[in-house]
Amino acid sequence: MCGICGFANLDGEPVDDGAGRRMMELLRHRGPDGDGTLVRSAPGATRRPSVFLGHRRLKIIDLSDAARQPMPNETKTVWVTFNGEIYNFRELRAELRQCGHEFRSASDTETIVHAYEQFGDDFIRHLDGMFAFALWDEPRARLVLARDRSGKKPLYYIADGARFTFAQEIKALLACPWVEPHVAADHIPEYLVFGYVPGPRTMYRGVYQVPPGSYMIVDAAGVSGPRRYWELKFSDRAPAGIRSAAEAARRVRELLTQAVARRMISDVPLGALLSGGLDSSIVVGIMSQLTQEPVRTFTAGFPGDLSYDEQPYAEAAAKKFRTRHTVLVLRGEVGSLVETLLWHHDQPYGDYSAVPTYLVAQLARQHVTVALNGDGGDEVFAGYERFLAAMLAAKIPSAVAPLGRTISRWLPNGDGYYSPRRRLERFFFQAHTSVEERFAGWMSLFDAPTVATLMGPGPEADLAAEHLFGSLRQPDQRLATLPLLQRLLHLNFTTYLPDDLHVKMDRMSMAHGLETRSPMLDTALVEFVASLPPEMKIRRGQLKYILRLAFRDMLPRELLRRRKHGFTAPVDRWFRHELRPYAEETLLARDAHVNDYLRADAIRSLYREHKEERKNNGDRLWALLNLEVWLRMLRRGDLRQRMTRPGQIAVDAVGAQ
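A brief structural summary. Just so we're clear, the structure is a prediction, and the values are computed from it rather than from any experiment. Numbers given for residues are sequential positions, taken from 1 along each chain in its written order. Under the rules for a predicted model, residues below a pLDDT of 70 receive no local features and side-chain atom pairs below 80 are neither given nor counted, while totals for whole chains, interfaces and linings still include all residues. The basis for every side-chain value is the complete set of heavy atoms in the structure, and neither hydrogens nor water enter the calculation.

1. Describing the state of the cysteines
1) Next: Note that a disulfide, as used here, is simply two cysteine sulfur atoms within 2.5 Å. By the definition in use, this model includes 0 disulfides.
2) Next: Free of any disulfide, Cys-176 has its nearest neighbouring cysteine sulfur in Cys-5, separated by 7.9 Å.
3) Next: Burial classes: relative accessible area under 20% of the type maximum marks a residue as buried, over 50% as exposed, and values in between as partly exposed (1.4 Å probe, protein chains only). For Cys-176, a relative accessible area of 0% gives the class buried.

2. Remarks on the pairing of strand β11 (residues 214-219)
1) Next: Among the 6 residues of β11, 5 are classified as buried, and the element is accordingly described as predominantly covered.
2) Next: Any two strands between which DSSP finds at least two bridges are classified as paired. Helix numbering and strand numbering both begin at the N terminus, where a helix is a DSSP run of H or I of at least 4 residues and a strand a DSSP run of E of at least 2. Here 4 bridges tie strand β7 (residues 142-147) to β11, and the two strands are oriented antiparallel to one another. Following the sheet pairing, Leu-143 is matched in β11 by Val-218.
3) Next: The pairing of β11 with strand β12 (residues 222-228) spans 5 bridges and is antiparallel. Residue Tyr-215 lies in a different strand from β12, and its bridge partner there is Arg-227.
4) Next: Hairpin connection from β11 to β12: 2 residues lie between these consecutive antiparallel strands.

3. Some words on the packing of aromatic side chains
1) Next: Aromatic pairs are defined between Phe, Tyr and Trp rings, using the six-membered ring for Trp, whenever the two ring centres lie within 6.5 Å; interplanar angles under 30 degrees are classed as stacked, those over 60 as edge-to-face, and all others as tilted. Applying the stated criterion across every chain, the model contains 13 aromatic pairs.
2) Next: Ring pairs connect the aromatic residues Tyr-116, Phe-123, Phe-131 and Phe-133, which therefore count as one cluster.
3) Next: Either the NZ atom of lysine or the CZ atom of arginine qualifies as a charge over a ring when it sits within 6 Å of the ring centre and within 35 degrees of the ring normal. In this arrangement the basic side chain of Arg-263 is found over the ring face of Tyr-87, its NZ or CZ atom lying 3.9 Å from the centre.
4) Next: When the ring centre of Tyr-496 is taken as reference, the NZ or CZ atom of Arg-386 above it lies at 4.9 Å.

4. A word on the pattern of salt bridges
1) Next: Salt bridges are identified by distance alone: a Lys or Arg side-chain nitrogen within 4 Å of an Asp or Glu carboxyl oxygen. This model, assessed by the stated rule, comprises 38 salt bridges.
2) Next: The partner of Lys-171 in a salt bridge is Asp-346, and the shortest N-O contact between them spans 2.8 Å. Linking Lys-171 in helix α4 (residues 170-174) with Asp-346 in the loop between α9 (338-345) and α10 (354-365), this pair joins segments that are 175 residues apart in sequence. Of the two residues, Lys-171 and Asp-346, both sit in the buried class.

5. Considerations on the sheet that holds β7
1) Next: Taken together, the 6 strands give an open sheet; going across it, the order is β4-β5-β6-β7-β11-β12, and neighbouring strands pair in antiparallel fashion. What marks the edges here is a single partner per strand, and that holds for β4 (71-72) and β12.
2) Next: The pairing of strand β6 (residues 129-137) with β7 spans 6 bridges and is classified as antiparallel. Within the sheet, the bridge partner assigned to Leu-135 lies in β7 and is Val-144.
3) Next: On top of the sheet, helix α3 (residues 110-119) reaches β4, β5 (78-86), β6 and β7; it is set at about 125° to β5, its chief contact. Note on contacts: a residue pair is in contact if any heavy atoms of the two residues lie within 4.5 Å. Here an angle of 0 to 180 degrees is reported between the N-to-C directions of two axes, which are lines fitted to C-alpha atoms, with helices fitted over the stretch in contact.

6. Observations concerning a positive patch on the surface
1) Next: On the surface, Arg-590, Arg-604, Arg-608 and Lys-611 cluster together to form a positively charged patch.
2) Next: We classify Lys-611 as partly exposed; its relative accessible area is 34%. Each patch is assembled from residues with relative accessible area greater than 30% and no salt bridge, linking like charges that lie within 9 Å and nonpolar side chains (Val, Leu, Ile, Met, Phe, Trp, Tyr) that lie within 5 Å. To be clear on the numbers: accessible area is Shrake-Rupley with a 1.4 Å probe, and residue cover counts the displayed protein chains and nothing else. In this count, Lys and Arg are taken as positive residues and Asp and Glu as negative ones, while His and the chain termini are left out. The location of each charge is read from NZ of Lys, CZ of Arg, CG of Asp or CD of Glu.

7. Topic: unusual backbone geometry
1) Next: Between Gln-69 and Pro-70 the backbone carries a cis peptide bond, its omega angle lying at -5°.
2) Next: Along the polypeptide, Pro-70 turns up in the loop between β3 (50-57) and β4.
3) Next: Omega for the bond connecting Gly-199 with Pro-200 falls within 30 degrees of zero, at 10°, which places this linkage in the cis form.
4) Next: Tracing the backbone shows Pro-200 in the loop between α5 (188-194) and β10 (208-209).
5) Next: Positive phi, close to 75°, is recorded for Asp-346, a residue that is not glycine.
6) Next: A residue is classified by how much of its surface remains accessible, and Asp-346, at 1% relative accessible area, is buried.
7) Next: Phi at Ala-382 is positive, roughly 65°, even though this residue is not glycine.
8) Next: Tracing the chain through its elements places Ala-382 in the loop between α11 (377-381) and α12 (385-393).
9) Next: On the accessibility criterion, Ala-382 (0% relative accessible area) is buried.

8. What to know about the environment of Arg-125
1) Next: You can see Arg-125 is positioned in the loop between α3 and β6.
2) Next: Sequence-wise, Arg-125 and Asp-148 are 23 residues apart; in three dimensions their C-alpha atoms are separated by 9.8 Å.
3) Next: Excluding its chain neighbours within four sequence positions, the residues that come into contact with Arg-125 are Arg-149, Arg-228 and Tyr-229.
4) Next: Throughout this description, a polar contact denotes any pair of N or O atoms lying within 3.5 Å of each other; where both atoms belong to protein, one of them has to be capable of donating a hydrogen while the other can accept it, and for residues adjacent in sequence the pair is counted only when both atoms sit in side chains. Within polar-contact distance, the side chain of Arg-125 engages the side chain of Asp-122 at 2.5 Å.

9. Considerations on the nonpolar core
1) Next: As used in this record, nonpolar core signifies buried Ala, Val, Leu, Ile, Met, Phe, Trp, Tyr and Cys residues forming a set joined through side-chain atoms within 4.5 Å. By size, the foremost hydrophobic cluster in this structure holds 200 residues, and its most contacted members are Phe-123, Phe-133, Val-252, Leu-256, Ile-546, Leu-598 and Trp-630.
2) Next: Of all the elements, helix α26 (residues 618-636) adds the most residues to this core, at 11 residues.
3) Next: In contact with Phe-133, not counting residues within four places along its chain, are Ile-4, Val-80, Thr-81, Phe-82, Ile-112, Phe-123, Ile-124, Leu-127, Val-144, Leu-145, Ala-146 and Leu-155.
4) Next: Ile-4, Ala-8, Val-51 and Phe-164 belong to the second largest nonpolar core, which has 20 residues in total.

10. Thoughts on the pairing of strand β8 (residues 156-159)
1) Next: In terms of strand pairing, β8 meets strand β9 (residues 163-167) through 4 bridges, oriented antiparallel. Within β9, the position partnered with Tyr-156 by the bridge is Ala-167.
2) Next: Joining the antiparallel neighbours β8 and β9 is a turn of 3 residues, in which Gly-161 adopts a positive phi near 95°.
3) Next: As judged from the 2 bridges shared by β8 and β10, these two strands associate in the antiparallel manner. Counterpart to Tyr-157 in the pairing with β10 is Tyr-208.

11. Topic: the sheet that holds strand β17 (residues 515-517)
1) Next: Read across the sheet, 6 strands follow the order β17-β16-β13-β14-β15-β18 without closing on themselves; strand pairing throughout is mixed. Only two strands of the sheet have a single neighbouring strand rather than two, namely β17 and β18 (651-655). Taken pair by pair, the neighbouring strands of this sheet meet at an average axis angle of 30°, ignoring direction.
2) Next: Pairing analysis gives 3 bridges linking strand β13 (residues 270-273) to strand β16 (residues 370-372), with the strands arranged parallel. Its bridge partner lying in β16, Gly-271 is registered against Ala-371.

Note that every value here comes from positions in space, so none of it alone points to a role or purpose.
Below you can see the structure in the form of structure tokens.
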């Protein structure tokens, strides 16, 4: 796991090595163990691009200098700067050796350059793992950039016609003197709805992401792509050879066990993030069967708030699998962390579960360098209650929605995770829209009318559903013929997973130089489960049916019966207590920068409504606070320089040390 960056001058202008070094410095947290560069200038007046490749190293596999990057092939004609892990590198290495390729390291990185030599542009399909990389083909003066299938590893770029600049975090792009940060104001409505700007766009004008499962080419002809090399295919019937749920469950167990085993390959200490949910508990259970030593596990908890505190369930799993378990108890004021989290995210990010994720990653890094997790289980196996709600909503006439909203207003305003009012309001939210838009509405922060109220008069207030929900449109007409659950799984996998969950885990773990691996997103597993019919994923109202069936003999009974509970935080309480002074000094300040884009009176109304406990707007206020603090940091130039004093919060670590 590392940090990569670089640029190509398409007109062959000499490379600004100093700019490249500044980019690398802003990625130091991703790779604290060393660095490396490659500079190639175009000879004479030829129309060959000149290129800079930068790399910050986090040592995971092959700790020797032989694994330093950028890494070449044996003839030093092909070079790569790479972040991630290639999980099939041993099998691929053996295949390439049989083809005559010579290896000088034991690193998985080296398989990339040799696979490119052997398979050409088709080489990416031979790589199974999580990755973002830039490969330089010296004879052809050609730069190839690629991102893994689900988008676990980030890769941003900006192309201005004369130069192509890329990095894993936007702040590294901002370090270049030729990049001027401009707010993409027209993306603010989407941010308010989703809590993120849907890819490939960002909150910066002209800055884009390489989409998941895609690659790009940069050469003398210019920039081409992105081009897709992989798409997840769903089916409405079981694959050949699978005649029952029991057979499917056995195959799921086999594939997931193999996925965990491949992700336990490491030359540095390894552990797991244990939330107490079904997915991470299964991963830890498999790990405990594959190793002689107790697995190191880490959990974050909220004392005194049972609705959000997952400690009891995590401890039940830790006891069952005899792990060396450590619990991080949060007891401090979270306002001090807001700027730190935003510095790592580079743009406003509305998911407040980033707070416990950042802190539990910080705890884990004190003991291990690699941590497995349960990310992706809900996306792959249909674990969110909104999937079940969508299937139910499709059968309920929209005329019933007004009655449902009326009933919800009479319920008490609880701020717990399972608040009945919160859930009923979500269920009847936008009942007149399409199933896909209603599905998105259940996980959105603001609805379109509220965003229009916040934006006020002006061109940016043209918030037609076609614009706000454009990222949810299914471009592949073949999906329209699939069952509803399969369509929603595809939607969730291609939007919420890469744009929210992957962003959170990557930035919050790499903030501490911790590599996180997700067995539930193994390619073979994901493709197999996608091929299973809906009734094997949700049966008689039970979510993740096939996963529970596959591991029912492994897990404690209380975990098998537990309702779905996301990894989250008591943000409603924060804005009435711990965060209240900070929010009032920033978001509600008369000179707040957010007032340049949103109506101050509408923001104050939301805050007052929440403070007086007439409605729970904690998640909305968190998104607005993040937008305001990001604007402040951007205008101060904080994102162009290293963070000198990260925010701190009071915590207690309880358990194994």
